[in-house]
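# Structure assessment
Spelled out from the first residue to the last, the chains are:
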Amino acid sequence: MTDPTSTTTTPRPYESYVYAYPHKTAYRPLADRPTLSSLWAGERKDALSLYLHIPFCEVRCGFCNLFTRIGAPDELTTRYLDALDRQATAVADALHAHPVPGAPDAGAGPVRFAAAAFGGGTPTFLTAGELERLCDIAEKRMGADLRAVPLSVETSPSTATADRLSVLADRGATRLSIGVQSFVEEEAKAAVRPQRRSDVEAALGRIRDARIPVLNIDLIYGIDGQTARSWRLSLDAALAWRPEELYLYPLYARPLTPLGRRSHPSESGWDAQRLALYRQGRDHLLAQGYEQVSMRMFRLPGAPREGADDYACQTDGMIGLGCGARSYTSDLHYSFDYAVGMREIRTIIDAYTVTEDFSRAEVGRAVDADEARRRHLLQSLLQAEGMAVADYRERFDSGPFDDFPAELNRFAGLGWLDTDAGPGLLRLSPEGLAHSDALGPALFSPAVRAAMASYELK
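Residues numbered from 1 in each chain as written. Predicted model: local features only at pLDDT ≥ 70, side-chain atom pairs only at ≥ 80, totals over all residues. Heavy atoms only, no water.

## Description of the packing of helix α2 (residues 76-95) against helix α3 (residues 128-141)
Their axes nearest at 10 Å, the elements α2 and α3 cross at an angle of 10°. The orientation of α2 with respect to α3, classified from their angle, is roughly parallel. Residues T77, T78, L81, D82, L84, D85, A88, T89 and A92 of α2 pack against E130, R133, L134, I137 and R141 of α3. (Axes fitted to C-alpha atoms, helices over the stretch in contact; angles between N-to-C directions. Helix = DSSP H or I, 4+ residues; strand = E, 2+ residues; numbered from the N terminus. Parallel < 35°, antiparallel > 145°, perpendicular 65-115°, else oblique. Contact = heavy atoms within 4.5 Å.)

## Description of unusual backbone geometry
A cis amide bond, omega -10°, links Y21 with the succeeding residue P22. Within the secondary structure layout, P22 lies in the segment before β1 (28-29). Here the phi dihedral of D397 falls at roughly 60°; this positive angle occurs in a residue that is not glycine. Tracing the sequence through the fold places D397 in the loop between α11 (389-396) and α12 (400-403).

## Description of empty space enclosed by the protein
Gaps left between atoms show up when a probe the size of a water molecule is rolled over them. As enumerated under the stated definition, the model contains 2 cavities of 30 Å³ or more in all. Estimated volume of the largest cavity: approximately 110 Å³. Every residue lining the largest cavity is counted, 13 residues in all, and those nearest its centre are L36, Q87, Y334, F336 and R360. Broken down by secondary-structure element, the contributors of at least two residues to the lining of the largest cavity are α2 and β14 (332-335). Among the residues forming the lining of the largest cavity, the class breakdown is 7 nonpolar, 4 polar and 2 charged. (1 Å grid on protein atoms, 1.4 Å probe; cavity = no way out; pocket = protein on both sides within 12 Å on 5 of 7 lines; lining within 4 Å. Points joined across faces, edges and corners; volume = space filled by probe spheres on them. Nonpolar A, V, L, I, M, F, W, Y, C, P; charged D, E, K, R; others polar.)

## Concerning the packing of α2 against helix α9 (residues 342-353)
The N-to-C vectors of α2 and α9 enclose an angle of 60°; their axes lie 8 Å apart at closest approach. Between α2 and α9, the angle is such that the two are oblique. Two packed elements cross with a definite hand, and for α2 against α9 that hand is left-handed. Residues L76, R79, Y80, A83, L84, R86 and Q87 of α2 pack against I349, D350, Y352 and T353 of α9. Taken together, the residues that form the contact of α2 with α9 break down as 6 nonpolar, 2 polar and 3 charged. (Left-handed = near helix turned anticlockwise from the far one by under 90°.)

## Quick look at the pairing of strand β6 (residues 151-155)
Looking along a regular strand, one sees the side chains alternate between the two faces of the sheet. Here β6 lies mainly inside the structure; 4 of its 5 residues are buried. As paired strands, strand β5 (residues 113-120) and β6 are joined by 3 bridges and run parallel to one another. Across the sheet, the residue bridging to A117 is S152, located in β6. Between the parallel pair β5 and β6, the chain is carried across by α3, and the sense of this crossover is right-handed. The sheet contact formed by β6 and strand β7 (residues 175-181) spans 4 bridges and is parallel. Within β7, the residue paired with T155 across the bridge is I178. Crossover β6 to β7 through helix α4 (residues 162-171) is right-handed. (Buried < 20%, exposed > 50% of the residue type's maximum accessible area, 1.4 Å probe, protein only. Pairing = 2+ DSSP bridges. Right-handed = clockwise from strand over helix to strand, strands pointing away.)

## Overview of α4
Among all positions in α4, only R164, L165, V167, L168 and R171 are buried. Projected down its long axis, α4 carries its buried residues within an arc of 155°, all on one side. Relative to its buried face, α4 has exposed residues pointing more than 90 degrees away, namely A162 and D170. Its buried side turned inward, α4 meets α3, β6, β7 and α6 (197-209). Phi turns positive one or two residues past the end of α4, at G172, with a value near 110°. (Arc of directions from axis to C-beta.)

## Description of the side chain of H23
Among the secondary structure elements, H23 is positioned in the segment before β1. Residue H23 is classed as buried on the basis of its relative accessible area, which comes to 14%. Within polar-contact distance, the side chain of H23 engages the side chain of T25 at 2.9 Å. With near-sequence residues (within four places) excluded, H23 lies in contact with R326, Y338 and M452. (Polar contact = N/O pair within 3.5 Å; in protein donor to acceptor, adjacent residues only side chain to side chain.)

## Points about the nonpolar core
In terms of nonpolar packing, the biggest core is built from 126 residues, with L50, M142, L219 and I319 touching the most fellow members. In terms of residue count, α2 provides more of this core than any other element does, 10 residues in total. Aside from chain neighbours lying at most four places away, what touches L50 is F113, A115, A116, A117, A138, M142, A144, I319 and L321. Counting 5 residues, the second largest nonpolar core, distinct from the first, contains A20, Y27, Y328 and V363. (Core = buried A, V, L, I, M, F, W, Y, C linked by side-chain atoms within 4.5 Å.)

## Considerations on the packing of aromatic side chains
Using the criterion set out here, one finds 16 aromatic pairs in the structure. Seen from their ring centres, Y221 and Y278 are 6.4 Å apart, and the 40° between their planes marks the pair as tilted. With Y221 in strand β8 (residues 214-221) and Y278 in helix α8 (residues 267-287), the pair connects residues that are 57 residues apart, well separated along the chain. Here the two residues Y221 and Y278 agree in accessibility, since each one is buried. (Phe/Tyr/Trp six-rings, centres within 6.5 Å; stacked < 30°, edge-to-face > 60°.)

## Brief notes about the side chain of T122
Structurally, the position occupied by T122 is in the loop between β5 and α3. Non-local contacts of T122, meaning those with residues more than four positions away in its chain, are made with I54, F56, C57, E58, T155, S156 and T159.

## Structural notes on the pattern of salt bridges
Tallying each qualifying case throughout the model produces 26 salt bridges. Put simply, R86 and E356 hold a salt bridge, and the shortest N to O gap is 3.7 Å. Remark: E356 occurs in the loop between α9 and β15 (363-366) and R86 occurs in helix α2; sequence separation between them is 270 residues. Residue R86 is classed as partly exposed on the basis of its relative accessible area of 23%. (Salt bridge = Lys/Arg side-chain N within 4 Å of Asp/Glu carboxyl O.)

These figures capture arrangement, not role.
Below you can see the structure in the form of structure tokens.
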């Protein structure tokens with residue numbers, strides 16, 4: 001793999017999708033297993049995000065490296081929701097615990113949630129009744145008012161049934177994100193995502209009938225056999241529904257996934273194909289009146305912002321429930337064990353369902369001052385609107401060019417920074433946005449890069 005920090009090589013445009021930093025492959029078992037009450041004692045808790053993870057799917061897509069398993073035999077969903085309920089109770093107790101002696105006063109503040117999301121996996125793999133219970137856990141155990149905050153839920157064509165969508169609409173869902181990937185059946189099959197277009201269109205119709213304010217459609221480019229013509233077909237098929245959001249994802253063939261075990265085009269040829277299709281998709285959506293939020297995300301102007309943008313906000317305060325979810329405090333990110341292989345995932349899920357004590361953090365990574373700076377810069381710079389330099393300086397008492405001169409000067413030399421942004425704004429050029437998956441990894445710290453490289457895939 002090309003070193004994303006090298007100053008002498010031309011960076012590949014598709015190094016890695018940076019959806020969180022540090023990545024979970026940089027997490028390690030926490031020797032001290034700190035209590036959640038001590039971790040959250042000094043944190044602000046008045047605008048938390050809540051994420052509930054459901055690690056089940058009806059099929060494992062060829063490109064997927066998410067923490068999920070196929071099917072749920074022997075009442076596994078019931079046992080999983082039981083464990084999720086126990087975890088929620090323990091986390092809620094920790095959030096409402098009295099501050100430890102000497103902790104900052106912030107820990108004594110109220111506990112409120114500003115946003116919620118159900119992800120996976122496929123949350124709508126659950127039955128309508130199980131979705132009711134999932135919402136009850138979020139509301140009755142955690143205290144999140146789902147009808148008062150943005151609630152985003154992921155779904156799939158085969159599980160977006162009328163009864164499930166009715167539950168979600170009634171309980172306050174404001175955004176439904178559906179992974180279509182391609183409206184061309186041959187391409188869906190090539191991506192190990194077999195589906196009929198008629199089924200996809202029917203699911204989209206049911207979502208619109210449910211009157212959930214925001215519909216997001218995910219599409220993928222770079223599939224074997226995909227052409228500019230077939231890509232335009234998928235784009236136009238999605239646009240026919242006038243979704244409030246569209247995500248355009250480059251295909252990756254990741255280790256331990258079905259596509260990762262297959263041969264794929266040469267790196268240079270595949271990169272050129274994906275970059276050309278990205279530009280085609282971007283230009284087409286802009287011509288259709290969409291605004292670009294990030295490399296992947298496009299939004300209709302005026303559409304309600306009912307879900308998180310492509311990257312999380314720069315400040316912390318995430319509560320993750322479920323064995324694949326992560327939680328963020330200001331100085332520690334933590335989760336459970338991570339895997340991609342199906343056998344290991346099943347083992348982790350089974351262990352989660354029999355866990356009784358959820359009062360401690362088990363696996364994670366500390367976030368020191370340098371990592372916090374990198375995270376803030378990453379999550380801001382990868383947004384099309386860019387980063388206000390004053391906000392960065394106010395938080396860290398330094399400027400981004402003071403902290404990352406080599407990286408930012410390299411980006412400028414590559415033409416990735418917008419020279420018309422002005423001194424108060426650090427913003428990517430269109431070419432910089434196109435190379436977000438090279439730019440992001442170049443901002444990883446040496447320590448995080450080393451931890452990720454030494455992670456044993458499982």
